[in-house]
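Take a look at the letters that make up each chain.
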Protein chains: 4
Amino acid sequence: MGITLELAQAAVQAAHQKSLELGVKMNIAVVDAGANLVAFARMDDAWLGSLDISIKKAKTARFFDMPTGDLGKISQPGGPLFNIEHSNTGLITFPGGIPIADSTGRIVGAIGVSGDSVENDHIVAEAGRVAVANR
Amino acid sequence: MGITLELAQAAVQAAHQKSLELGVKMNIAVVDAGANLVAFARMDDAWLGSLDISIKKAKTARFFDMPTGDLGKISQPGGPLFNIEHSNTGLITFPGGIPIADSTGRIVGAIGVSGDSVENDHIVAEAGRVAVANR
Amino acid sequence: MGITLELAQAAVQAAHQKSLELGVKMNIAVVDAGANLVAFARMDDAWLGSLDISIKKAKTARFFDMPTGDLGKISQPGGPLFNIEHSNTGLITFPGGIPIADSTGRIVGAIGVSGDSVENDHIVAEAGRVAVANR
Amino acid sequence: MGITLELAQAAVQAAHQKSLELGVKMNIAVVDAGANLVAFARMDDAWLGSLDISIKKAKTARFFDMPTGDLGKISQPGGPLFNIEHSNTGLITFPGGIPIADSTGRIVGAIGVSGDSVENDHIVAEAGRVAVANR
């Protein structure tokens, strides 16, 4: 349903490679169009608490077909989706989760990364996304 | 903490290869000594419900340091551990989960496989375990 | 509410000592009359999956004011309380959990032990109970 | 896997002693490197709701290898990790959880304390940490 294991593993591999370049230790998760896990890797000594966060970021990105950071902007106090994080047994709405689209623009899955600053999490997720987008 | 990502991915790869040989579609999970996920792969069109089962099998095998099928033999009605499956937010006690030991015999993680008959699940898990055992 | 920390720790200590004598590695939990944890100890290299089981055994013993093994006899297929384990976010109904009473016979808490055979689990739990019963 | 029961109990004992000095009633939890409970004590008449909080504080401190209060500073509305508390079946991000390192600086576990003001919770946790750090 959407992304294949081959592409999901390519996304994980690209994100892993980017993490090595940045010198960061990441948890990397890829879900399919059904928001179910397809491929996952936890780098040695990566934060243990980031395991669940990486998967939740990938799910969140696919649940709403937008980068997690975009959702976080409108889930703040006073925002239109305040505390949406309570749904779906827990969302993560800060950066690090990004939808993955195929060459037709159809979203086929998403990637979630956690283990460092949210800026680095996003950079690594983007490296994974780009590696397989439009294929 | 136990198995490295490199070895966990090698176990997943070996199990994947064995699945292709058998013509089966599997979910394959590897956890570390802390029973936390390190690597995961879901083959295309594998049963969706087996995703959670594969992870639970890997966790169960590490939780009690024995193949899941061994635990299942004593969790039957009338057996000494009847309904142990209710612990740890859910165990899976039929075959397909196997602990992974290093060259000193110390258990460093476990592999869990789900997607076909329990016999095939076990065969595929064993292929993953053997590929990285004693390293 | 019921057992004091002093007595709970004495029960854990006695159970720990009995475990050392038997050469077994246990998780040991003591709950109060409200079935809430008061003291806990996990011995080095004890089964990780037994952590939750030891706490659930202690809770189960207090929930129904009887040894967990007694409940297990009537929760079997065809028995009057078949699958009672589904309640209370998970019960454990094989031996290893025992209520603790004070000198008036009033139940003030319970001890739960997990990590070896159910026979040894029960022996270790009983050692903990006896050490503080009737005080 | 990280901290031994002996050291975990020493940390609990030191935190308990500090609580008595301060005249506060605490729940005290120590987890190992896998974020799994090793030792726990609830003082008589301590807040019942603090039981779960103390364990979650210890887990949170190990999940991200930092004091829980540090994480709380960046999980506020508008902060980079807003609502991270929804991950890992619930984090606690106010003070009272602190990682425990051995003499090589490697984190081997964490302590979590709850039952009074967050300032006192932190002071008590620190007493537990110091008692076993660098050993």
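The structure under discussion appears in the preceding block.
Definitions and cut-offs
- Residues numbered from 1 in each chain as written.
- Chains lettered and ligands numbered in written order.
- Predicted model: local features only at pLDDT ≥ 70, side-chain atom pairs only at ≥ 80, totals over all residues.
- Heavy atoms only, no water.
- Helix = DSSP H or I, 4+ residues; strand = E, 2+ residues; numbered from the N terminus.
- Rg over C-alpha atoms; globule rule 2.2 N^0.38 Å.
- Buried < 20%, exposed > 50% of the residue type's maximum accessible area, 1.4 Å probe, protein only.
- Pairing = 2+ DSSP bridges.
- Axes fitted to C-alpha atoms, helices over the stretch in contact; angles between N-to-C directions.
- Contact = heavy atoms within 4.5 Å.
- Least-squares fit on C-alpha atoms with pLDDT ≥ 70 in both.

This next bit is on the overall build of chain A. For chain A, the helix and strand inventory stands at four helices and four strands. Moving toward the C terminus, one meets the helices and strands of chain A in the order α-β-β-α-α-β-β-α. A compact globule built from 135 residues should have a C-alpha radius of gyration of about 14 Å, and chain A, at 14 Å, falls within 12% of that. In terms of overall dimensions, chain A has a C-alpha envelope of 40 × 35 × 20 Å along the principal axes.

Here the focus is unusual backbone geometry. Residues and elements named next belong to chain D. One non-glycine residue, Ala35, lies in the positive phi region at around 65°. For Ala35, the position within the fold is in the loop between strand S1 (27–32) and strand S2 (37–42). Assessed through its relative accessible area of 2%, Ala35 is described here as buried. Despite not being glycine, Asn83 has its phi angle at roughly 65°, a positive value.

Below, the discussion takes up the sheet that holds strand S1 (residues 27–32) of chain C. Strand order in the open sheet formed by eight strands is S3(C)-S4(C)-S1(C)-S2(C)-S2(D)-S1(D)-S4(D)-S3(D), and the pairing between neighbours is antiparallel. Every interior strand has two partners, whereas the edge strands, strand S3 (97–101) of chain C together with strand S3 (97–101) of chain D, have only one. Going across the sheet, the axis of each strand differs from the next one's by a mean of 15°, ignoring polarity. Sheet analysis places S3(D) next to strand S4 (residues 107–114) of chain D, joined by five bridges and oriented antiparallel. The residue of S4(D) that forms the bridge with D:Ala101 is D:Ile107. Lying on the sheet, helix H2 (residues 50–63) of chain C is in contact with S1, strand S2 (37–42), S3 and strand S4 (107–114) of chain C together with S2 of chain D; it crosses S4(C) at an angle near 150°.

This part takes up the relation of the copies chain B and chain D. Rotating chain B by 180° and moving it 0.0 Å along the rotation axis overlays it on chain D with an RMSD of 0.0 Å. What we have between these two chains is a two-fold relation. Across chain B, the rotation axis passes nearest the C-alpha of B:Gly34, at a separation of 2.5 Å. Most of the interface of chain B is mirrored in chain D: 100% of its interface residues are interface residues there too.

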